[in-house]
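Structural overview for review
Spelled out, the chains give:
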Amino acid sequence: MAFTMEYTSTVHGVTYALTASPTTLELIGAAENGDIVAEGTIRLPPGGATEAAGLVRQALATIAIFEGKARPRVANSHARWTPDDDASLREDWLTQPSSTPATTAIRELAKARGRSPAAIRARLGRIGCDPDVAGRLLSPETAELLGRDAIAGAI
């Protein structure tokens, strides 16, 4: 089964047109006056689209970082959480004074662990901590709403 995806986007006066099929990626960028400012074709081997997509995504993310338009990935992004990581996060969360804004505490914990604030916030709920109030556990009712993982994840 063959498919073609077409996508168009305009950024800073340049209209980019991307056409993708199972064997090719084509990109054309045209300025408002019609001048072509970007173009290229990548031919993919049969069954090679997934690997090529990963390489292209990584290359574009790196270029965006060099241009100062994107943040670099955090050190432990997508790393598995270990039981020790969970225990340490829970302990550190529960020692936070409730007067500390949760967002501030989450940012500090994220920086110390090489994780994103979103990852810390998500993990707090899974280990039975209330991500909205520093130093507090989830109530039994809230933990129940989140499912068994929140209760079982409590250390």
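Here, every reference points to the structure presented above.
All of the points below concern the structure found in this document. (Residues numbered from 1 in each chain as written. Predicted model: local features only at pLDDT ≥ 70, side-chain atom pairs only at ≥ 80, totals over all residues. Heavy atoms only, no water.)

Moving on to the nonpolar core. By size, the foremost hydrophobic cluster in this structure holds twelve residues: Leu-89, Trp-93, Ala-102, Ala-105, Ile-106, Leu-109, Ala-110, Ile-120, Leu-124, Ile-127, Cys-129 and Ala-134. At the level of secondary structure, the elements contributing two or more residues to this core comprise helix H2 (83-94), helix H3 (102-113) and helix H4 (117-126). Here this core gets five residues from one element, more than from any other, and that element is H3. Beyond its immediate sequence surroundings of up to four residues, Cys-129 is in contact with Arg-90, Trp-93, Leu-124, Arg-136, Leu-137 and Leu-138. (Core = buried A, V, L, I, M, F, W, Y, C linked by side-chain atoms within 4.5 Å. Buried < 20%, exposed > 50% of the residue type's maximum accessible area, 1.4 Å probe, protein only. Helix = DSSP H or I, 4+ residues; strand = E, 2+ residues; numbered from the N terminus. Contact = heavy atoms within 4.5 Å.)

On to the packing of aromatic side chains. Under the criterion given, the structure shown has zero aromatic pairs. The ring centre of Trp-81 lies 4.0 Å from the NZ or CZ of Arg-115, which sits over that ring. (Phe/Tyr/Trp six-rings, centres within 6.5 Å; stacked < 30°, edge-to-face > 60°. Lys NZ or Arg CZ within 6 Å of the ring centre and 35° of its normal.)

Counted by the stated rule, this structure contains five salt bridges. Across the pair Asp-85 and Arg-115 runs a salt bridge, and its minimum N-O distance is 3.9 Å. Of this pair, Asp-85 sits in helix H2 while Arg-115 is found in the loop between H3 and H4, placing the two residues 30 residues apart along the sequence. When its relative accessible area of 28% is taken as the criterion, Asp-85 is described as partly exposed. Given the relative accessible area of 9%, Arg-115 is considered buried. Where Asp-86 meets Arg-123, a salt bridge forms, and the shortest distance between an N and an O atom there is 2.8 Å. (Salt bridge = Lys/Arg side-chain N within 4 Å of Asp/Glu carboxyl O.)

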